Each structure stands twice: as structure tokens, then as C-alpha cells.
Amino acid sequence: MRTILTALAALALSACASAPAPSPQGTFFANLSTLCGNTYAGRVVTTDAADASFASQPLVMHVRDCSATEIRVPFNVGDNRSRTWVITRTGEGMRLKHDHRHEDGSEDVLTQYGGDTANSGSATRQEFPADEHSKQLFRANNIPVSVDNVWAVEVHPGATFAYELRRPNRHFRVEFDLTRPVPAPPASWGAN
């Protein structure tokens, strides 16, 4: 009997030891998922003059429409509810897309741009270099400077959520205080 118990204990310990650690992207997505249903106020923390119009308005994000593979985060700038960040788990990593809509719900000409992760990132930060679709969209709309865009999203549980854009000679970053949820804003333009 003692031999059987020892064998069962060894088997149980080996099962625990061989359980794979969660991937950085899995942990990141799980941390983002915990924000579902909540709304947070933010502020621009970079000082680029190009961001003055954003910095002077209330910034609010609402984490909603969450599933096991996709989270939609409407981002309101003042009364403008045209922007939604869409973060998706893919077979190879994660994807960030920007869904821009007009007030009537139709897509803006500059929409569905973004990119896929190029590496596993970390449990708190994922980076998304512009994909080929986005580069073609930017060139077609005479904004070739954006082909070098790299977006990043950070989730520091219980502290901050950050959205960031970087490219040569450009850095935009907005941070949201996760310690103080705010009332939900009206639905985004074109939201179901």
C-alpha cells in the first residue's frame, strides 16, 4: 500500500511540475480580460505638439465586447466616439486593429489598420508593428510616414493601461488610471 501511495504522490508531483507556464501573451490577454465591462479616464503623457488637441479633451476607454479571442476597447476623445481598438489572439500571437467609424456607422477610409506581434512580448506589454495591409493603406492615403508605425498596449493590473504609437520622430502615449473606474460613455459610433 505504501508503494502505491508513493507512486501516486510521485505521479501527482510530476504532473504539477510539467504543467506549462502561461505564455506572456496569454497572461497579457488574461490581464486585459479582467478589465472587461469597466471604463477608465486617461491622459496624454507625451508632449508632442501634434497631440495638443487630444491632450485638451477628456479621454475615456471602455473595455467591452470581450470573448476568449477578441476584446474591443472603444476610445473616446471628447465627444468623438469614432475609435475602437480591437485586440485579438491569433494562432501565431496577437493582433491590434484600429476600427474607425463615421457617426452613421460606416467605416472611415482609414480603418482596420494595425499589426501583429513580432515576438512574445511580456505579460504587461505587447508591440504591434504595422502590417502590410496598413502600409498599403497609409501609402494609398498619402501618409507614408505612418508605414513605420509600431503600436504598443500595456496592462499593469491594478495600476495603468497604456496605448502608445511610435515611429521615427513621433511618440504618442496615453495612460488610463485603472484604480478609478468612471461611468460608461455612450456607445461608439456604429456599435451594435
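Residues numbered from 1 in each chain as written. Predicted model: local features only at pLDDT ≥ 70, side-chain atom pairs only at ≥ 80, totals over all residues. Heavy atoms only, no water.

Draft legend 1. Fine view of the state of the cysteines. What the rule picks out here adds up to one disulfide. Each sulfur of the disulfide joining Cys36 and Cys66 lies 1.4 Å from the other. In this pair, Cys36 is assigned in the loop between helix H2 (24–33) and strand E1 (39–44) and Cys66 in strand E3 (residues 64–66), connecting sequence segments 30 residues apart. The exposure class of Cys66 is partly exposed, given its relative accessible area of 32%. (Disulfide = S-S within 2.5 Å. Helix = DSSP H or I, 4+ residues; strand = E, 2+ residues; numbered from the N terminus. Buried < 20%, exposed > 50% of the residue type's maximum accessible area, 1.4 Å probe, protein only.)

Draft legend 2. Structural context of the packing of aromatic side chains. This structure, assessed with the given rule, holds 11 aromatic pairs. Here Phe75 and Trp85 contribute two aromatic rings whose centre-to-centre distance is 4.6 Å and whose plane-to-plane angle is 20°, an arrangement assigned as stacked. With Phe75 in strand E4 (residues 70–77) and Trp85 in strand E5 (residues 80–89), this pair connects stretches of sequence that are 10 residues apart. Like Phe75, the residue Trp85 is buried in the burial classification. A centroid spacing of 6.3 Å and a plane angle of 75° characterise the contact between Trp85 and Phe176, whose relative ring orientation is edge-to-face. (Phe/Tyr/Trp six-rings, centres within 6.5 Å; stacked < 30°, edge-to-face > 60°.)

Purely geometric stuff here, so don't read any function into it on its own.
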